[in-house]
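The lines below spell out each chain.
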Amino acid sequence: MAVPGPLDEMPRQFPKLNISEVDEHVRLLAEKVFAKVLREEDSKDALSLFTVPEDCPIGQKEAKERELQKELAEQQSLETAKRKKSFKMIRSQSLSLQIPSQEWKAPPANPVLSPATPVLPSAFVPVQVPYDVPEFQRVSISGDYCAGVTVDDYEQAAKSLVKALLIREKYSRLAYHRFPRTTSQYLCSMRDEKWKVEDEVYPAYGMLSSKLVFPQKKATWIRFKGTSHSSSSWHTELRHKRDDELIYIVNGSMIQTGQLASPESGISQSGYTCQVISSKCNVNLFSDFHSPPEENEDPYNLDDAPDNLDYVIKLKGGIPFVYDNKEMMELNEPRSLPYPDLETYTLDLSHVLALIADGPTKTYCHRRLNFLESKFSLHEMLNEMSEFKELKSNPHRDFYNVRKVDTHIHAAACMNQKHLLRFIKHTYQTEPDRIVAEKKGRKMTLKQVFESLHMDPYDLTVDSLDVHAGRQTFHRFDKFNSKYNPVGASELRDLYLKTENYIGGEYFARMVKEVARELEESKYQYTEPRLSIYGRSPDEWLNLAKWFIKHKVYSPNMRWIIQVPRIYDIFRSKNILPSFGKMLENIFLPLFEATINPKDHKELHLFLKYVTGFDSVDDESKHSGHMFSDKSLNPDLWTSEKNPPYSYYLYYMYVNIMLLNNLRRERGMCTFLFRPHCGEAGSITHLVSAFLTADNISHGLLLKKSPVLQYLYYLAQIPIAMSPLSNNSLFLEYSKNPLREFLHKGLHVSLSTDDPMQFHYTKEALMEEYAIAAQVWKLSTCDLCEIARNSVLQSGLSDKEKQKFLGVNYCKEGPEGNDIRKTNVAQIRMAFRYETLCNELSFLSDAMRTEEISTLSK
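No experiment lies behind these values; they were computed from the predicted model shown. (Residues numbered from 1 in each chain as written. Predicted model: local features only at pLDDT ≥ 70, side-chain atom pairs only at ≥ 80, totals over all residues. Heavy atoms only, no water.)

1. Re the overall build of the chain
The test is simple: A run of H or I in DSSP counts as a helix once it spans at least four residues, and a run of E counts as a strand once it spans at least two, with each numbered from the N terminus. Exposure classes here rest on a 1.4 Å probe applied to the protein chains alone. A residue is buried below 20% of its type maximum, exposed above 50%, and partly exposed in between. Whether two residues are in contact is decided by their heavy atoms, any of which lying within 4.5 Å being enough. Working definition of accessibility: Shrake-Rupley area with a 1.4 Å probe, residue cover restricted to the visible protein chains.
A tally of regular secondary structure across the chain gives 30 helices and 19 strands. In the chain, which comprises 858 residues, the share counted as buried stands at 59%. Of the contacts made within the chain by residues no fewer than 6 positions apart, 75% connect residues no fewer than 24 positions apart. Working note: accessible area of the chain is about 35,500 Å², and carbon and sulfur atoms make up 50% of it.

Structure (structure tokens):
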């Protein structure tokens, strides 16, 4: 089981940067890059996306000539020759594999022991690796520093990429988002720091079975069992001492007593028996993540809410500030949380934005990505049969019975068109006289609703229902949105596909439950549907929670994500909202209140147990000319009818989620992941914002246009939920979709359906997505199972579920984290992925040893 890192070692304050002249230069460069991207968006023919090469032949020829001139100049430089030789020595120390262990530190360069020319041991003896994996043929390159660019460009690119990864790691840690262990280990080695497993930060899915509420003074591992707990078995807990009073926290309930002064001897208090199993100071460890309710447990139990804390919350400029009480609020002394610094964030954003236009970095990343794709092709050619042999010898497990998660799907379109049609006809036949709507004060039965639309449901077909996307929706997001209206009637959308209507969203709940039953019957498929919160009113959250509980929508095969449409401009034009700040308040203030005082918000507290993240949705091709910076208006002052830019939305959503996660982590409650739609269309700058703020993204097509961002997403292993069938109807032909290319390079991709009602024909939409991808791109069984495994890792399933579906060591990377008996992914494939990532990171690590290189070159 993965153990999250100590809270004391987390950056409890947002790190602020001092602005230098270099930083100001970077900011100006970022503004030029943004302006250039904006001009390209304005001049781009929408229908020509990805249809022509990005660089014209003349430009490519000129670039090659410039590269040749630089290499010729380098060859004549004695200093460069020495440095190049030094890099060669360092690479010979790294050799073909640099595989970090838990207490791993990068090997130092030692020119005395290094051969003049690197000789890889793999050429003569089998490679020794710290894990058990069948023998396979490895692909490696010897000689030089393997970069294919000049030494200066190599150094510059490596330092820039490392800085970007450090920025990503900082924002991931602040928000309790995931960051890959291997990349973190290499970054530690570059800073001469020792990486420890306790430093890892993981999100928490569901209520934790134990938590630490107060500032830490002394903690002791104990075990407890008792009649008050749901199980009589022993459970590991923490004993925490504060002001000579022991505090036990069990299942969110706090037990305080001065009588538990000596648990070492074993004591009974309130039905609990305690035993000490180890003692440790300054430790803050959490026990296993809360798993879904057992069969005999009530998933709608409202009686287990923790005690209220009565903190005071106030939003200023779109940012929530939490105070212990009103007196502290008047003194303006908020609780210790990582409140953001906009200037620091925009500077970090500018660094990554400027990086995507940096010539040497673009060249380096482009070459490395080409190498990754070619390396996989060689691996496939050499080891395909060995992988297949592994899978054939794996009993019971095959592609059909490995777990798959639909990581990107909208609840309002989670059923296929035939399912919707059958449900409409069924309701009309069984309850035509039921009052289902009210129009201008007049109550209407279901029959009257259809009569007002001049239609008879008996005559409806999937064609007349007209909810399926086709040629007419390509690059027409407005027409696509209209497909949510059955027969083009918004009245039917409100009645059948909304949670708030005259009948309390009953029809929608019944359809969702029917989809859930089909998933439960299939056993091996899970889904993460998106439900909308618009920010029009703070009551939206309570209404949604009541809908969930009243209609008993919970399913063990579903986890919920909240999507926030970027449509502030529509609400402002109708005077529903006075400012963007009010929209943020309506979205996030109820969540902070439910976290602080859960007993006063029991319904919402319960619903949030089954929510794993947030999404930001809308048409990305609607770009804004406004570049988000520290000079941008704060949300309270954004009162115009103009919609804020994409990066503005992402920053303020991230900030609120980050602060909410820190507060909820203190309370032992689940944290949330930020998983926005990104890179489907529009500007590549959207992907820069997501690189800083998102745990994972949906779509990511535009990574194909930026080698720097694509390589960064690979190094940081940022999960990408891709939907080729959806893209095929909206933005990109199926054959041009980069999913296969991304998979071969090693990006962390999964397959998802997006909107089965619009894009799919069968009852098992996710299997349809896998089947078409396998046929079009000739994906192997190992490829499909690797994508399925990625989907489980990306998802918000609990730690217990992931251990069951992937293996107990799933948090480890490489073959050690893969249980082929559960995932059906060949160990050879996992070893190849892991060793390739280590190799790429080792290039950056070698280039960062500036002092060693300078010494060697003298």
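2. Side note on the sheet that holds strand β16 (residues 677–678)
To keep things clear, this is the line we draw: The criterion for strand pairing is that DSSP finds at least two bridges linking the strands in question.
Strand order across the open sheet formed by four strands is β16-β17-β18-β19, with parallel pairing between neighbours. A single partner strand is all that each edge strand has here, and the edge strands are β16 and β19 (749–751). Where strand β18 (residues 720–722) meets β19, three bridges bridge the pair, whose relative direction is parallel. In the strand pairing of β19, Ala-721 is matched with Ser-750.

3. Details of the packing of aromatic side chains
For clarity, the threshold we go by: Ring pairs shown here join Phe, Tyr and Trp side chains whose ring centres sit within 6.5 Å, with only the six-membered ring taken for Trp; geometry is labelled stacked below 30 degrees between planes, edge-to-face above 60, and tilted in between. Our definition puts a charge over a ring when NZ of Lys or CZ of Arg is within 6 Å of the ring centre and also within 35 degrees of the ring normal.
Per the counting criterion, the structure on display carries 37 aromatic pairs. With 5.6 Å between their ring centres and 90° between their planes, Tyr-568 and Phe-580 make a pair best called edge-to-face. Here the residue Tyr-568 occupies a position in helix α16 (residues 568–573), and Phe-580 occupies one in helix α17 (residues 580–596), the gap between them amounting to 12 residues. An aromatic cluster of three or more residues is present, and its members are Tyr-171, Tyr-345, Tyr-568, Phe-580, Phe-628, Trp-638, Tyr-648, Tyr-649, Tyr-651, Tyr-652 and Tyr-654. Lys-316 extends its terminal NZ or CZ atom over the ring of Phe-321, reaching a point 4.7 Å from the ring centre. The ring of Phe-399 has Lys-404 sitting right over it, with the charged end atom 4.8 Å from the ring centre.

4. Examining the pairing of strand β11 (residues 442–445)
As paired elements, strand β10 (residues 435–439) and β11 share four bridges and run antiparallel to each other. Note on β11: the bridge partner recorded for Glu-438 is Lys-443. What sits between β10 and β11 in their antiparallel hairpin is a turn of two residues, with Lys-440 showing a positive phi close to 55°.

5. Focus on the sheet that holds strand β9 (residues 404–410)
Worth spelling out the cut-off: Throughout, an axis means a line fitted to C-alpha atoms (over the contacting stretch in the case of helices), and angles, computed between N-to-C directions, take values from 0 to 180 degrees.
Sheet architecture is open: five strands sit in the order β9-β12-β13-β14-β15, paired in parallel fashion. On the outer flanks of this sheet lie β9 and β15 (673–674), each paired with one strand and no other. Both strand β14 (residues 611–617) and β15 contribute to a ladder of two bridges, which runs parallel. Looking at the pairing, Gly-613 lines up with Leu-673 of β15. Lying over the sheet, helix α25 (residues 765–777) contacts β9 and β12 (525–532), oriented at roughly 105° with respect to β9.

6. Brief notes about the environment of Val-611
Residue placement: Val-611 occurs in strand β14. Linking Val-611 and Gly-796, residues 185 residues apart in sequence, is a C-alpha distance of 8.4 Å.

7. Overview of unusual backbone geometry
Most peptide bonds are trans, and most residues other than glycine sit at a negative phi. One non-glycine residue, His-396, lies in the positive phi region at around 70°. Of note, His-396 is situated in the loop between α8 (359–392) and β9. Of the residues examined, His-396 reaches a relative accessible area of 59% and is grouped as exposed. Phi at His-454 is positive, roughly 60°, even though this residue is not glycine.

8. Some thoughts on the pattern of salt bridges
Put simply, the rule is: Salt bridge criterion: a side-chain nitrogen from Lys or Arg within 4 Å of a carboxyl oxygen from Asp or Glu.
Applying the stated rule across the entire model yields 26 salt bridges. Arg-368 is the salt-bridge partner of Glu-840, the closest N and O atoms lying 2.7 Å from each other. Separated by 472 residues along the polypeptide, Glu-840 in helix α29 (residues 827–847) and Arg-368 in helix α8 bring together distant segments of the chain. Taking relative accessible area as the criterion, Arg-368 reaches 5% and is therefore assigned buried. With a shortest N-O distance of 3.0 Å, Arg-829 and Glu-387 are connected by a salt bridge.

9. Describing the nonpolar core
Heads up, the rule is: Definition used in this section: a nonpolar core is a set of buried Ala, Val, Leu, Ile, Met, Phe, Trp, Tyr and Cys residues joined via side-chain atoms within 4.5 Å.
One finds Tyr-364, Tyr-496, Phe-548, Trp-560, Phe-607, Phe-614 and Tyr-713 to be the most contacted residues of the largest nonpolar core, which totals 196 residues. Counting residues per element, this core draws most heavily on helix α19 (residues 646–667), at 14 residues. Counting residues in each nonpolar core, the second largest holds 10 residues, with Tyr-202, Val-792, Leu-793 and Cys-811 among its members.

10. Points about the packing of helix α4 (residues 151–174) against α8
Test applied: Put simply, angles under 35 degrees are roughly parallel, angles over 145 are roughly antiparallel, angles from 65 to 115 are roughly perpendicular, and the rest are oblique. Note on residue classes: Ala, Val, Leu, Ile, Met, Phe, Trp, Tyr, Cys and Pro are nonpolar, Asp, Glu, Lys and Arg are charged, and everything else, Gly too, is polar.
Remark: α4 packs on α8, axes separated minimally by 8 Å, with the N-to-C direction vectors making an angle of 90°. Classed by the angle they form, the pair α4 and α8 counts as roughly perpendicular. The residues of α8 that touch α4, namely those facing Asp-153, Tyr-154, Gln-156, Ala-157, Ser-160 and Leu-161, are Pro-360, Thr-361, Tyr-364 and Cys-365. Along the lines of polarity and charge, the residues of the contact of α4 with α8 split into six nonpolar, three polar and one charged.

11. Considerations on the environment of Glu-518
When you line up the elements, Glu-518 lands in helix α14 (residues 506–522). By relative accessible area, which is 25% here, Glu-518 ends up partly exposed. In this structure the C-alpha to C-alpha distance between Glu-518 and Glu-764, which are 246 residues apart in sequence, comes to 8.6 Å.

12. Overview of the packing of helix α9 (residues 417–430) against α14
Note the following rule: By definition, any crossing whose near helix is turned counterclockwise from its far helix by less than a right angle is left-handed, and any crossing with a clockwise turn is right-handed.
Close contact between α9 and α14 brings their axes to 11 Å; oriented N to C, the two are set at 130°. With respect to each other, α9 and α14 are oriented oblique. Two packed elements cross with a definite hand, and for α9 against α14 that hand is right-handed. On α14, the residues that touch His-419, Leu-420, Phe-423, His-426 and Thr-427 of α9 are Tyr-507, Arg-510, Met-511, Glu-514 and Val-515. Per-class residue counts for the contact of α9 with α14 are five nonpolar, three polar and two charged.

13. Re a nonpolar patch on the surface
What counts, and what does not: Only residues above 30% relative accessible area that lack a salt bridge enter a patch, with like-charged residues linked at up to 9 Å and the nonpolar side chains Val, Leu, Ile, Met, Phe, Trp and Tyr linked at up to 5 Å.
A grouping of Leu-378, Met-381 and Leu-382 is seen on the molecular surface, where their side chains present a nonpolar patch of about 270 Å² in accessible area. Within the element layout of this structure, Leu-378 appears in helix α8.

14. Thoughts on the environment of Ser-393
Defined as follows: Any pair of nitrogen or oxygen atoms within 3.5 Å is treated as a polar contact; in protein, a donor-acceptor pairing is required on top of that, and neighbouring residues in sequence qualify only through side-chain atoms on both sides.
Relative to the assigned elements, Ser-393 resides in the loop between α8 and β9. Since its relative accessible area comes to 57%, Ser-393 is described here as exposed. A polar atom in the side chain of Ser-393 sits 2.9 Å from the backbone oxygen of Glu-390.

15. A few points about α25
Here is the rule we go by: By this rule the span expected of a helix is its residue count minus one, scaled by 1.5 Å.
Over its 13 residues, α25 extends 18 Å from the first C-alpha to the last, a length consistent with the 18 Å expected when each residue adds 1.5 Å. Buried within α25 we find Ala-765, Leu-766, Met-767, Glu-768, Glu-769, Tyr-770, Ala-773, Ala-774 and Trp-777. Remark: Lys-778 follows α25 within two positions and exhibits a positive phi of approximately 55°.

16. Observations concerning helix α27 (residues 799–806)
Counting buried residues along α27, six of its eight residues qualify, which places the element largely inside the surrounding structure. If you follow the buried residues of α27, they end up packed against β12, α26 (781–794) and α28 (820–823). One or two steps after α27, the chain reaches Gly-807, where phi turns positive at roughly 120°.

17. Details of the confidence of the model for the chain
To be explicit about the condition: Scored from 0 to 100, pLDDT reflects the predictor's confidence in each residue.
With 73% of its residues at a pLDDT of at least 70, the chain reaches an overall mean of 79. Per-residue pLDDT, averaged within each element of the chain, yields its smallest value for strand β2 (residues 235–242) (35) and its largest for β19 (97). Per-residue pLDDT stays below 50 along residues 1–11; that stretch engages in 38 contacts with residues further than four places along the chain or on separate chains. Confidence drops under a pLDDT of 50 for residues 853–858, and excluding neighbours within four residues, the segment shows 14 contacts in the predicted structure.

18. Focus: the state of the cysteines
Inclusion rule: What counts as a disulfide here is a pair of cysteine sulfur atoms lying within 2.5 Å.
The full count for this structure, using the stated rule, is zero disulfides. Cysteine Cys-785 shares no disulfide, and the gap to the nearest cysteine sulfur, in Cys-782, comes to 6.9 Å. Taking relative accessible area as the criterion, Cys-785 reaches 0% and is therefore assigned buried.

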